Amino acid sequence: MAHLFVPGPTDVAPEILAAQTHPMIGHRSQACADLFGRIQPRLRQVLQTGHRVFITASSGSGLQEAALRNTVARRALVCVGGAFSERWHEIALANGVSADRLEVAWGEPHTPEQVAEAVRRGYDAVAIVHNETSTGVENPLAAITEAARAAAPNTLILVDAVSSAAAVDIRPDAWGVDVLLTSSQKGFALPPGLAFAAVSDRALDRAASVPHRGWYFDFLLLEKYLQQNNTPATPAISLLYALDAQLDRILAEGLPARFARHERMAAVAQAWAEERFAVFARAGFRSKTVTTIVNTRGLDIAALSSHLARAGMAIANGYGPLKGKTFRIGHMGEITPDDVAALLAEIDRFLDRPG
Ligand code: PLP
């Protein structure tokens, strides 16, 4: 039975947690190179890419920073419509990367037309969050990337798929995504601490012309070491063992089945939310991994959370300015539609309680 219905970290299967107890190995050993070498093709398979996938000992925010620092010499466009896209803009400024904002109201998606019009102004890269975990909006990424590539072929496309990769069907190569980044603790259902980025040749070529990329997340240095199944700095070895095991689990389920399971969970959660409350995200653009529910009944979210905690379940309050006004149900990773139904039945018990 699932416990964590927060939008990451997710529950981790017991055997995956156990995989982390593998005895330690040296990171310059053949055993570590073999581990890295085993991981790479299956990681590409799960991310549906032929591009190299960098693995860093960081959470996803580290690679948000990396994506901008490695690809932008002049100016970036950041699509902002929620807390995490807002953070991406903050990350740009904190790194001295000049960035314009293309804003939509929270709960709305970006449209291909808006993005195409904006990128025509001329940017090194456009950054967009695929699945806004604060608002529960899934941006129409295929259409946006197609429009952006047509409008500005030399503008690189950077995508934060932190809360959608390995749960939602994303085609980085076909869609022309230059950097697709994610974290381990969401769709991958791993403990937090690893981040992955599928990086195109175009992005690597660009990095070669960008000064001051930093060191820890320098794509060229990561590439040099990846060629030898290694990393510039000490990797999170225990987490790599967990990743090695989890990739097998993900591929045993099969990607189409995994994506379909997430769609079913979203359908269950969103139909329930429409009946009892309202869904925050615009219809047609709703996330498959997290449902942000408008607190139309003025519920005490802390009381709801305490009730759920007694049943061994956890959901998330609204994020930032949406705290109290919304609450969120995460349905990603190992969770099943039956788990979601059990959670919703428990919330119904809270709603029906006397007094
Ligand atoms: N982007 C999105 C869409 C997220 O949901 C999150 C975290 O929840 C982040 C970025 C930041 O990721 P991390 O916490 O792995 O650094």
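Refer to the structure above for everything that follows.
Since the model is a prediction, treat every value here as computed from it, not as a measurement.

Colleague: Quick question: what am I supposed to make of the overall build of the chain here?
Modeller: When helices and strands are counted, the chain shows 13 helices and 13 strands. The C-alpha radius of gyration computed for the chain amounts to 20 Å, which stays within 12% of the reference 20 Å derived for 355 residues, consistent with globular compactness. With respect to the principal axes defined by its C-alpha atoms, the chain has extents near 65 × 50 × 35 Å. A buried classification covers 59% of the 355 residues belonging to the chain. Of all intrachain contacts in the chain linking residues separated by at least 6 positions in sequence, the fraction that spans at least 24 positions is 71%. Both charge centroids of the chain, one from 34 positive and one from 36 negative side chains, sit 3 Å from each other.

Colleague: What should I look at first to understand the site of the ligand in this one?
Modeller: Looking at the ligand, there are 15 residues lining it, with Ser-59, Ser-61, Thr-133, Asp-160 and Lys-186 nearest. In this structure, an oxygen atom belonging to the ligand sits 2.9 Å away from a main-chain N or O atom of Gly-60. Ser-183 is positioned with one of its side-chain polar atoms (N or O) 2.7 Å from an oxygen atom of the ligand. Burial of the ligand by the protein amounts to 90% of the accessible area it has alone, namely 390 Å². Elements supplying a minimum of two residues to the shell around the ligand: helix H3 (60–71) and helix H4 (83–94). With 3 residues, the top contributor of residues to the shell around the ligand is H3. Considering only residue class, the shell around the ligand consists of 3 nonpolar, 9 polar and 3 charged.

Colleague: What exactly am I supposed to notice about the pattern of salt bridges here?
Modeller: Side-chain pairs of opposite charge can arise where the charged atoms are in close proximity. Inspection of every chain in the model, using the stated rule, returns 23 salt bridges. The closest approach of N and O atoms between Arg-74 and Asp-124, which form a salt bridge, is 3.6 Å. Placement of the pair is Arg-74 in the loop between H3 and strand S2 (76–80) and Asp-124 in the loop between helix H5 (112–119) and strand S4 (125–129), with a sequence separation of 50 residues. Given a relative accessible area of 51%, Arg-74 falls into the exposed group.

Colleague: Would you mind showing me how to read the sheet that holds strand S12 (residues 316–317) here?
Modeller: Paired through their backbone hydrogen bonds, the strands of a sheet run either parallel or antiparallel. With antiparallel pairing, 4 strands are arranged side by side in an open sheet as S10-S11-S13-S12. The sheet is open, and its two edges are formed by strand S10 (278–279) and S12, each paired on a single side. For S10 and strand S11 (residues 290–294), the ladder comprises 2 bridges, and the chain directions are antiparallel. The partner of Val-279 across the bridge, within S11, is Ile-293. Against the sheet, helix H11 (residues 255–276) engages S10, S11 and strand S13 (326–330), with an angle of about 5 degrees to S11.

Colleague: Honestly, the nonpolar core in this entry has me stumped. Any pointers?
Modeller: Grouped burial of nonpolar side chains is what soluble globular proteins tend to show. Ranked by internal contacts, the top residues of the largest apolar core, which has 84 residues, are Leu-43, Ile-55, Trp-88, Phe-188, Phe-196, Phe-219 and Leu-243. Ranked by residues supplied to this core, first place goes to helix H10 (residues 237–253) with 8 residues. If we skip the residues at most four places from it in the chain, Phe-188 touches Leu-43, Val-46, Leu-47, Ala-165, Ala-166, Thr-182, Ser-183, Phe-196, Gln-246, Leu-247, Ile-250 and Arg-258.

Colleague: For this particular structure, what's the right way to read the packing of H10 against H11?
Modeller: Working note: a packed helix pair is described by the angle between its axes plus the distance between those axes. Interhelical geometry of H10 versus H11 gives an angle of 85 degrees and a closest axis separation of 5 Å. The pairing of H10 with H11 is recorded here as roughly perpendicular in orientation. Where H10 abuts H11, its residues Gln-246, Ile-250 and Glu-253 lie against Leu-255, Ala-257, Arg-258 and Arg-261.

Colleague: Help me understand the pairing of S2, please; the structure alone is not making it clear to me.
Modeller: Regular strands have side chains that alternate between both faces of the sheet. Across the 5 residues that make up S2, a large majority, 5, are buried. Here S2 shows two buried faces, one formed by Ala-76, Val-78 and Val-80 and the other by Leu-77 and Cys-79. Once the chain exits S2 it traverses H4 before rejoining the sheet at strand S3 (residues 99–103), and the crossover so formed is right-handed.

Colleague: Looking at this structure, I do not really get helix H6 (residues 141–151). What am I missing?
Modeller: Residues spaced three or four apart along an α-helix face the same direction, because each turn holds 3.6 residues. Residues of H6 that are buried: Leu-141, Ile-144, Thr-145, Ala-147, Ala-148 and Ala-151. End-on, the buried residues of H6 take up no more than an arc of 165 degrees, which puts them together on one face. Of the exposed residues in H6, the ones pointing more than 90 degrees away from its buried face are Glu-146 and Ala-150. Against the buried residues of H6 lie H5, S4, strand S7 (156–160) and helix H7 (172–175).

Colleague: I'm lost on the side chain of Asn-131 in this one. Help?
Modeller: With respect to the secondary-structure elements, Asn-131 resides in strand S5 (residues 131–132). At 2.8 Å, the side chain of Asn-131 and the side chain of Ser-163 are in polar contact. A polar contact is formed between the side chain of Asn-131 and the side chain of Thr-289, at a distance of 3.0 Å. Once residues within four sequence positions are removed from consideration, Asn-131 is found in contact with Val-137, Glu-138, Asp-160, Ser-163, Ser-164, Ser-287, Lys-288, Thr-289 and Val-290.

Parameters and conventions
Residues numbered from 1 in each chain as written. Predicted model: local features only at pLDDT ≥ 70, side-chain atom pairs only at ≥ 80, totals over all residues. Heavy atoms only, no water. Helix = DSSP H or I, 4+ residues; strand = E, 2+ residues; numbered from the N terminus. Rg over C-alpha atoms; globule rule 2.2 N^0.38 Å. Buried < 20%, exposed > 50% of the residue type's maximum accessible area, 1.4 Å probe, protein only. Contact = heavy atoms within 4.5 Å. Lys, Arg positive; Asp, Glu negative; His and termini not counted. Charge placed at Lys NZ, Arg CZ, Asp CG, Glu CD. Near = heavy atom within 4 Å. Polar contact = N/O pair within 3.5 Å; in protein donor to acceptor, adjacent residues only side chain to side chain. Areas by Shrake-Rupley, 256 points an atom, 1.4 Å probe, with all protein chains shown as cover. Nonpolar A, V, L, I, M, F, W, Y, C, P; charged D, E, K, R; others polar. Salt bridge = Lys/Arg side-chain N within 4 Å of Asp/Glu carboxyl O. Pairing = 2+ DSSP bridges. Axes fitted to C-alpha atoms, helices over the stretch in contact; angles between N-to-C directions. Core = buried A, V, L, I, M, F, W, Y, C linked by side-chain atoms within 4.5 Å. Parallel < 35°, antiparallel > 145°, perpendicular 65-115°, else oblique. Right-handed = clockwise from strand over helix to strand, strands pointing away. Arc of directions from axis to C-beta.

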